[in-house]
Amino acid sequence: MIKRVGPEIDELIPKDAKIERVATDPGFKWTEGPVWIPAGYLLFAEIPSNSIRKWTPGDGVSVFLQPSGYKGTTPYGGPEPGSNGMTLDARGRLTVAGHGQRDVWRLESMDPQGQATVLADTYHGKRLNSPNDLVYKSDGSLYFTDPPYGLRTQSEQDPAKELPFSGVYRISDALKQKPGAVPARDRLQLLVKDLTRPNGIAFSPDERWLYVNNSEPKKLWMRYAVKADGRLGAGTVLYDATADNAPGSPDGMKVDQKGNLYSAGPGGVWVFTPDGKHLGTIQMSEKTGNLAWGDADGKTLYITASTSVYRIRTNVAGILPK
């Protein structure tokens, strides 16, 4: 069901649009981080099972990579050991927020057993919390969020937490990092550290703005001006949904080619204009974590929500990874 708040929503989502469940499994608990692969399939994380799954139209779901996050020899002891958000760089390489592995890494080919390169793992000698979601800028720099959801207790007091904040970071030369090279740790830039739980992240089509979600305790969509050197100006609140008690919080987020935002939020997928007007909500039957544009025309929105993956057709194509 589509809750239509503003008339503009009819230009974005057809009035007869249907929400279709395309993948599920009795073992799925929390699906996340979807990314459409141009070869014609969707990858998504199933975080509790420490895996990345592959959904191919007509063939269903298979395991792409397991483990995808934590690789220790003893049981993890927390609810989210796996990897989280995913995207592609300009060369088509899968880039992953390691979450339970506490790093950001890149797969050098689409062979899941191929070479992986760690792009970031520490800041000033301290381990990252648990990188959650990420987005490339067209200059090859990579921006990512780092809340503590991948730590065993998911709390600020987790004994493994080394940093006293949850940050938003920039890797300035991520695209150029050589396969297998160690991270350029001294060049990792901390951009934001005053959000309690930064989560979803996306650029406007012209890259003048960076949007970042804050999941809790305040449920916020934030907007930052992007400076010429890639750093950020002061953040402003685009929308505050703290008072909404529907299941879910601001989480994964994507942007369409006209600059409208689609974001996981309370009750489903919230749709906003670029200046933060709430146009409507794709109401989901399960708590929603993330979403991604896909299919050949970029007009299918794939949505990961708890035990399943769903899709809905839109009128406006999305911004695909670059």
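In this report, we go over the structure that sits alongside the text.

Rules and cut-offs
Residues numbered from 1 in each chain as written. Predicted model: local features only at pLDDT ≥ 70, side-chain atom pairs only at ≥ 80, totals over all residues. Heavy atoms only, no water. Pairing = 2+ DSSP bridges. Helix = DSSP H or I, 4+ residues; strand = E, 2+ residues; numbered from the N terminus. Axes fitted to C-alpha atoms, helices over the stretch in contact; angles between N-to-C directions. Core = buried A, V, L, I, M, F, W, Y, C linked by side-chain atoms within 4.5 Å. Buried < 20%, exposed > 50% of the residue type's maximum accessible area, 1.4 Å probe, protein only. Contact = heavy atoms within 4.5 Å. Salt bridge = Lys/Arg side-chain N within 4 Å of Asp/Glu carboxyl O.

Strand order in this open sheet of four strands is E2-E27-E26-E25, and the pairing throughout is antiparallel. Of all the strands in the sheet, just strand E2 (20–24) and strand E25 (290–294) have a single pairing partner and so form its edges. Recorded for the sheet is a direction-independent mean angle of 25 degrees between the axes of neighbouring strands. Here four bridges tie E2 to strand E27 (residues 308–313), and the two strands are oriented antiparallel to one another. Bridging across to E27, threonine 24 finds its partner in serine 308.

Pairing is antiparallel across the open sheet formed by four strands, whose spatial order is E13-E14-E15-E16. Both edges of this open sheet fall to strand E13 (134–136) and strand E16 (188–192), since each of them pairs with a single strand only. On average, each strand axis in the sheet is tilted by 25 degrees relative to the strand beside it, whichever way the strands run. Pairing between strand E15 (residues 167–171) and E16: four bridges, direction antiparallel. Directly across from valine 168, in E16, lies its bridge partner valine 192.

Ile13, Tyr262, Ile282, Leu301, Ile303 and Ile312 are the most contacted members of the largest nonpolar core, which totals 20 residues. Of all the secondary structure elements, the ones that give two or more residues to this core are helix H1 (9–12), strand E22 (261–265), strand E23 (268–272), strand E24 (278–283), E25, strand E26 (300–305) and E27. Setting aside residues no more than four positions away along its own chain, isoleucine 312 makes contact with Ile2, Ile13, Ala17, Lys18, Ile19, Ile282, Lys299, Thr300, Leu301 and Ile303. If you look at the next biggest cluster of nonpolar residues, it comprises 16 residues, including Ala120, Tyr136, Ala174 and Leu188.

Moving on, we get to the environment of glycine 235. Note that glycine 235 resides in strand E20 (residues 232–240). Excluding residues that lie within four positions of it along the chain, glycine 235 makes contacts with Met222, Arg223 and Tyr224.

Further remarks concern the pattern of salt bridges. By the definition in use, this model includes 15 salt bridges. Ionic pairing is found between arginine 106 and glutamate 108, a salt bridge with its closest N-O pair at 2.8 Å. Both residues of the pair, arginine 106 and glutamate 108, count as buried. Of the charged contacts in the structure, one is a salt bridge between arginine 197 and glutamate 156, with a shortest N-O distance of 3.2 Å. Within this pair, whereas arginine 197 is found in the loop between E16 and strand E17 (198–203), its partner glutamate 156 is found in the loop between strand E14 (142–146) and E15, the two being separated by 41 residues in sequence. Judged by its relative accessible area of 36%, glutamate 156 is partly exposed.

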